[in-house]
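Read off the chains here:
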Amino acid sequence: MAAFALRRLGALLVVLFFLTITVFVLGKVGDADPVRTYIGVNATPAQVAAARVELGLDDPVPVQFWHFATGLVTGDLGISLSTKRPIADDLSTALPATLELAGAAIVLTVIIGVLLSALYSRPGRVGAALRLVFFSLASAPTFLIAMVSVLVFYRWAGGLLPAAGRSSYGPYPDGTGFYVLDGLLHGSPQYAWDAVRHLVLPALAASIGAGVALARVLADGMTSAMASPWARTARSLGEREGTILRRHALRNASSPGLSLLAVQAGFMVSSLVVIEQVFSWKGLGSYLSTAIGVGDFTVIATVCLVLGTVYVVLNTVTDIVLAAVDPRIRLS
Amino acid sequence: MNTRTYLAAATTAAALALTLSACSSSPGSLPGQSTGTSTAADATLTLGLTSDISTPDPSSAYSGSELNLVLGAYEGLVKYQTGVDKAEIVPSLATTWTVSPDGLTYTFTLRPGVTFHDGTPLTSAAVKPSVDRAATVGAKGPGYMVAGIKDITTPDDATVVLTLGAPNSAFLDYLASPFGLKLISPAAITAHADDEKWFATHDAGTGPYEYGTFDAGVRYELTASPTYWGTAGGYHAIDFSIVDSTNTIQLQLGSGELDGYVGSGNKPLFDALATTKDVSVTRYPSMMAPVVFVNPGAPGLGDQATRAALIGGVDWKSIVSNVYGDLATASTGVFPASMVPAADNVDAITPDAKGLAGLATGALAGQKITIGYPSFVPGAQEISDSLVAQLNTAGITAQSVGYESSAYWSTMYDPTKAPSMTLFSAFPDAAHPDTWARLLYSAKGGLNMFGGQVDGLDATLDRALVTGDTSAYAAVAHDVSASGLWHTLADLKVNAAFRDSVHGADKASYPVLGITLDLTKLSPAS
């Protein structure tokens, strides 16, 4: 497994190299002038020219690439033109925010997928009605689910769940940036619970579509497994249906489910832009969205690299888990 | 999965929820808790912002949204009166001032009994370090406002004399501007010199509030200064909360989670807020105005007569009415209405509804007019689309193209890519007409996007700045308008919405930008 992980790490470096070049070229061929965002729209041409020199925007493209690449290696990514804060500082808060939300969404996806999978294959009219509901949920745009959930749980339910933000108390100065974890580490269940409450709606909005898709894959897999010869053999040996389902069918059906989950998780991290906007969740998506609007190339490129890394790591972890769950799969 | 499994899962979930609920009664250590007394909770004002703010450095703040933090913590020698339509300069840290007959020497008497938040007493010695820092750190932005100061003398602790290198009739407006000089504790300047990072999160001013906890991108807190010299506001703390979604702003204002929101021209949002229970919408005067720019380098628009016929042929009043409703009043001159007397601020182009038809078969026959609008400016697309509709109806081929921020700025200043026309909601740096004219119409103006030029304009502006002869701006208004290069559409108000529990909101706004507030004017109803 160590050799496999090392090979994937090598592949990750290659992916990141080409991703860097691609994003950089796209950033340079696109029409973007972030200077007025940096110094204000009323700046004079002389002030704009001075700022371009200060930011290195007038340097030859290879020089700009060199500065960007060395900045990536040394961790000195420079200043965000929109927030005017060091990009590394912004990332240190945005990345944990997105990973915490994505993690919660993945957990919810699994819960929704497993719970709904049993209902999905239910026969008769009830099953058909349930499938219609599931299809509707899966096909609804994420932003619609997000906005409806805010209406239901914030407005109509009298503020049962928060509509925006990550915490009612702000971050711990010495925290990890993962608020639920920070609450537990600081011995404050109140803080952790508050963070969980803030997580519920955005995570739910991000996970419903993926959860329904997972449910369908699991349901198909379990239906096939329960009809297989070995299931029949298990029944003839006196095993109960529930035991066969848990010990054998679910495990056999989990491989395609895990593969789907890996793909969904990868997309989920990069598709949280909308969710983060609706819930004012200050993660990578929100950060990227602002940067794209003002043409802040360094931020755009850096966030793309981070998302690319997360995607590759997630898939590597999935492959390892798949091999652990299903002995027929070998890491190679 | 059978019934027992579901029951087990449900029981586990319920137990977990109960456990967490029980745990929630023991707070443990919490971050970001105010150090205030028991009144803190109900004396905190929470204001929503729809985008993150830039660094609130008193010497370089030049964007807009961060100014409410700066103006809460810092003060200048003079300021503009709040709650009035027309800008009026009133005392702040200077109680009185005189200007020498030659317009070069400004003598200020400082307010007694003022201390900076770090405990340093305010004396005349504090002025020079603040001016020097504004000139250097603010060089990329508002530093020009103090660049004309040639000498600073301090006859005594309560008197400071600023001597200009050349007379400048806008100088007091520069000092009163929200972007203008703020006095900073000289001890803080000595200790932190050019450390912009320190000034981004700490303050050393004399204002009614001090910088509190900043959760970057999420929440910025001001806490009441215990040493403030004046009448403090009614709030112990003021939180600026970043909420990206305007829908959420509306919901949170309705629920009371937010106490107020000061926005721009987002008409649908404020129409909805006007009907929200316990929320009232206020309209603040401002000098913000949407301006149409005509590109003299675009095909067919190089001729002044063609541009004048184009400007004169469009029914701007209907566009303003349809897009802004009662949030705006159609302009009658190129300057914001409250900046220059109405008699001096008169458009030179007479409206002529038949002008467009003449252009369609004449100068603009076979030409395509492209209107590039900034998609990030509220109302810009509606204006552009309405304009396109009028032109197409008259037989002039026109199209509307939207640009995101970075693409907009890279396109408008590039003669090879610039469209035929554009529009932008501009605001001056101060209430003086020179700041407006120089920004938009001067050859070196920051917002003169198509590089339009009016013969002799810069010389006229320079003369008026020296002599203070405000009647010169009548000629500027005429010449600029007659050129057909620019057309000011409307005088915009700024929408704000506050919970009814907030008192004083209607008188809290400074008049230039509209979005900046004197936070001491706000107090809780109870």
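> For this particular structure, what's the right way to read the overall build of chain B?
What chain B contains, in helices and strands, is 17 helices and 21 strands. In terms of C-alpha radius of gyration, chain B reaches 26 Å, essentially the compact-globule figure of 24 Å for 526 residues. Judged by the C-alpha coordinates and their principal axes, chain B covers about 85 × 80 × 40 Å. When burial is assessed residue by residue, chain B has 54% of its 526 residues classed as buried. Considering only contacts within chain B whose residues lie at least 6 apart along the sequence, 69% involve residues at least 24 apart. Summing over all exposed atoms, chain B offers an accessible surface of approximately 19,900 Å²; the carbon and sulfur share of this is 55%.

> Any chance you could explain the pairing of strand β9 (residues 219-224) of chain B here in plain terms?
The two faces of the sheet receive side chains in turn, since in a regular strand these alternate between them. With 5 bridges connecting them, strand β8 (residues 209-215) of chain B and β9(B) associate as antiparallel partners. Bridging from a neighbouring strand, Y209(B) pairs with A224(B) of β9(B).

> What is the right way to read the sheet that holds strand β15 (residues 368-374) of chain B from this model?
The strands making up a sheet associate through backbone hydrogen bonding, with each pair oriented either parallel or antiparallel. Residues and elements named next belong to chain B. Taken together, 5 strands build an open sheet; the order of strands is β16-β15-β17-β13-β18 and the sheet is mixed. Strand pairing shows two members of the sheet lacking a second neighbour, β16 (397-403) and β18 (486-488), which therefore form its edges. Across the sheet, the axes of successive neighbouring strands diverge by a mean angle of 20°, strand direction being ignored. Two strands pair when backbone bridges link them, and strand β13 (residues 289-294) and strand β17 (residues 421-426) are joined in this way by 6 bridges, in the antiparallel orientation. Pairing of V294 across the sheet is with M421, part of β17. The strands that helix α15 (residues 433-440) touches are β13, β17 and β18; relative to β13, the one it contacts most, it runs at about 35°.

> For this particular structure, what's the right way to read the packing of aromatic side chains?
For any two aromatic rings, the description comes down to two numbers: the centre-to-centre distance and the angle of the planes. In total, this model carries 28 aromatic pairs over all chains according to the counting rule given. Arranged with centres 4.9 Å apart and planes meeting at 65°, the rings of Y441(B) and W486(B) form a pair that is edge-to-face. Here Y441(B) is found in the loop between α15 and α16 (457-467), whereas its partner W486(B) is found in strand β18, with 45 residues between them in sequence. Here Y441(B) matches W486(B) in class, with each residue buried. One cation-aromatic arrangement involves R166(A) over Y179(A); the distance from NZ or CZ to the ring centre is 3.8 Å. Positioned above the aromatic ring of F199(B) is the side chain of R133(B), whose terminal nitrogen or guanidinium carbon lies 3.8 Å from the ring centre.

> Which parts of the structure should I look at to understand the interface of chain A and chain B?
By a frequent convention, interface size equals the accessible area lost on bringing the separate parts together. Taken together, the contact pairs 57 residues of chain A with 57 residues of chain B. Of the roughly 4,500 Å² buried where chain A meets chain B, counting both sides, 53% is carbon and sulfur surface. Here chain A is connected to chain B by 4 salt bridges. Close ionic contact of D52(B) with R85(A) constitutes a salt bridge, the shortest N to O distance being 2.7 Å. Where chain A meets chain B, there are 18 residue pairs in polar contact (both at pLDDT 80 or more). Mapped onto the side of chain A that touches chain B, the elements with two or more residues apiece are α2 (35-39), α3 (45-55), α5 (87-120), α7 (142-156), α9 (189-226), α12 (272-278) and α13 (284-294) of chain A. In terms of residue class, the side of chain A that touches chain B is built from 29 nonpolar, 17 polar and 11 charged.

> When you look at the sheet that holds strand β6 (residues 149-156) of chain B in this model, what are you seeing that I'm missing?
Residue and element names in this part refer to chain B. Read across the sheet, 4 strands follow the order β4-β5-β7-β6 without closing on themselves; strand pairing throughout is antiparallel. Of all strands in the sheet, those bounded by a partner on one side alone are β4 (94-99) and β6. When strand polarity is set aside, the average angle formed by the axes of neighbouring strands in this sheet is 20°. Looking at chain direction, β4 and strand β5 (residues 105-110) are connected through 5 bridges and run antiparallel. Bridged to T98 within β5 is T107.

> What exactly am I supposed to notice about the domain arrangement of chain A here?
All names here are of chain A. Domain boundaries assigned for chain A yield domain 1 (2-74) and domain 2 (87-331). Relative to domain 2, the C-alpha centre of domain 1 lies at a distance of 32 Å. Summing both partners gives a buried area of about 1,400 Å² for domain 1 against domain 2, and 81% of it is carried by carbon and sulfur. When the area that domain 1 buries against domain 2 is broken down by residue, the three leading residues are F4, R8 and F68, summing to 34%. Applying the counting criterion to the domain 1 and domain 2 interface returns 0 salt bridges. Across the contact surface, domain 1 and domain 2 share 0 residue pairs in polar contact (both at pLDDT 80 or more). Put simply, the parts of the chain that give the side of domain 1 that touches domain 2 at least two residues each are α1 (2-29) and α4 (61-74).

> Would you mind going over the nonpolar core with me for this structure?
Generally speaking, nonpolar side chains in soluble globular proteins are found buried as a group. By size, the foremost hydrophobic cluster in this structure holds 148 residues, and its most contacted members are F108(B), L162(B), F335(B), L391(B), F498(B) and L522(B). When near neighbours in sequence (up to four residues on either side) are disregarded, L162(B) contacts L77(B), L104(B), T105(B), Y106(B), F108(B), V127(B), I149(B), D151(B), I152(B) and F171(B). Among the nonpolar cores identified, the runner-up in size contains 54 residues, and L91(A), A94(A), V150(A) and V299(A) belong to it.

> Where do I start with the pairing of β13(B) in this structure?
Residue and element names in this part refer to chain B. The element β13 is largely enclosed, with a buried count of 6 among its 6 residues. Residues A289, V291 and F293 point to one face of β13 and P290, V292 and V294 to the other, with burial holding for every one of them. In the sheet, β13 pairs with β18 via 3 bridges, with the strands oriented antiparallel. Bridge assignment links F293 to a residue of β18, and that residue is W486.

> Please clarify how the pattern of salt bridges should be interpreted in this entry.
When charged atoms on two side chains of opposite charge get close, those side chains can pair. Across all of its chains, the model carries 19 salt bridges over all chains by this definition. The closest approach of N and O atoms between R85(A) and D90(A), which form a salt bridge, is 2.9 Å. Across the pair, exposure class does not vary: R85(A) and D90(A) are buried alike. One salt bridge in this structure joins D326(B) and R283(B), with 2.9 Å as the shortest N-O distance. Here R283(B) lies in strand β12 (residues 279-285) and D326(B) lies in the loop between α11 (316-324) and β14 (328-330), a separation of 43 residues in the sequence.

> Any chance you could explain the side chain of T422(B) here in plain terms?
Residues and elements named next belong to chain B. Mapped onto the fold, T422 is located in strand β17. Looking at T422, its side chain comes within polar contact range of the main-chain oxygen of G372, at 2.5 Å. The contact partners of T422, leaving out residues within four places of it in the chain, are V291, V292, F293, G372, Y373, P374, Y408, M412, M449 and F450.

> Is there a simple way to think about the packing of α7(A) against α9(A) in this case?
The packing of two helices is summarised by the inter-axis angle and the distance between the axes. Residues and elements named next belong to chain A. One can describe the packing of α7 onto α9 by two numbers: an axis separation of 9 Å at closest approach and a directional angle of 145°. In the crossing of α7 with α9, the sense of the turn from one axis to the other is right-handed. Residue-level contacts link T142, I145, A146, S149, V150 and F153 of α7 to L201, A205 and I208 of α9. Residues belonging to the contact of α7 with α9 are distributed by class as follows: 7 nonpolar, 2 polar and no charged.

Definitions and cut-offs
- Residues numbered from 1 in each chain as written.
- Chains lettered and ligands numbered in written order.
- Predicted model: local features only at pLDDT ≥ 70, side-chain atom pairs only at ≥ 80, totals over all residues.
- Heavy atoms only, no water.
- Helix = DSSP H or I, 4+ residues; strand = E, 2+ residues; numbered from the N terminus.
- Rg over C-alpha atoms; globule rule 2.2 N^0.38 Å.
- Buried < 20%, exposed > 50% of the residue type's maximum accessible area, 1.4 Å probe, protein only.
- Contact = heavy atoms within 4.5 Å.
- Areas by Shrake-Rupley, 256 points an atom, 1.4 Å probe, with all protein chains shown as cover.
- Pairing = 2+ DSSP bridges.
- Axes fitted to C-alpha atoms, helices over the stretch in contact; angles between N-to-C directions.
- Phe/Tyr/Trp six-rings, centres within 6.5 Å; stacked < 30°, edge-to-face > 60°.
- Lys NZ or Arg CZ within 6 Å of the ring centre and 35° of its normal.
- Buried area = accessible area lost by both parts, 1.4 Å probe.
- Salt bridge = Lys/Arg side-chain N within 4 Å of Asp/Glu carboxyl O.
- Polar contact = N/O pair within 3.5 Å; in protein donor to acceptor, adjacent residues only side chain to side chain.
- Nonpolar A, V, L, I, M, F, W, Y, C, P; charged D, E, K, R; others polar.
- Domains from an automatic or database assignment.
- Core = buried A, V, L, I, M, F, W, Y, C linked by side-chain atoms within 4.5 Å.
- Left-handed = near helix turned anticlockwise from the far one by under 90°.

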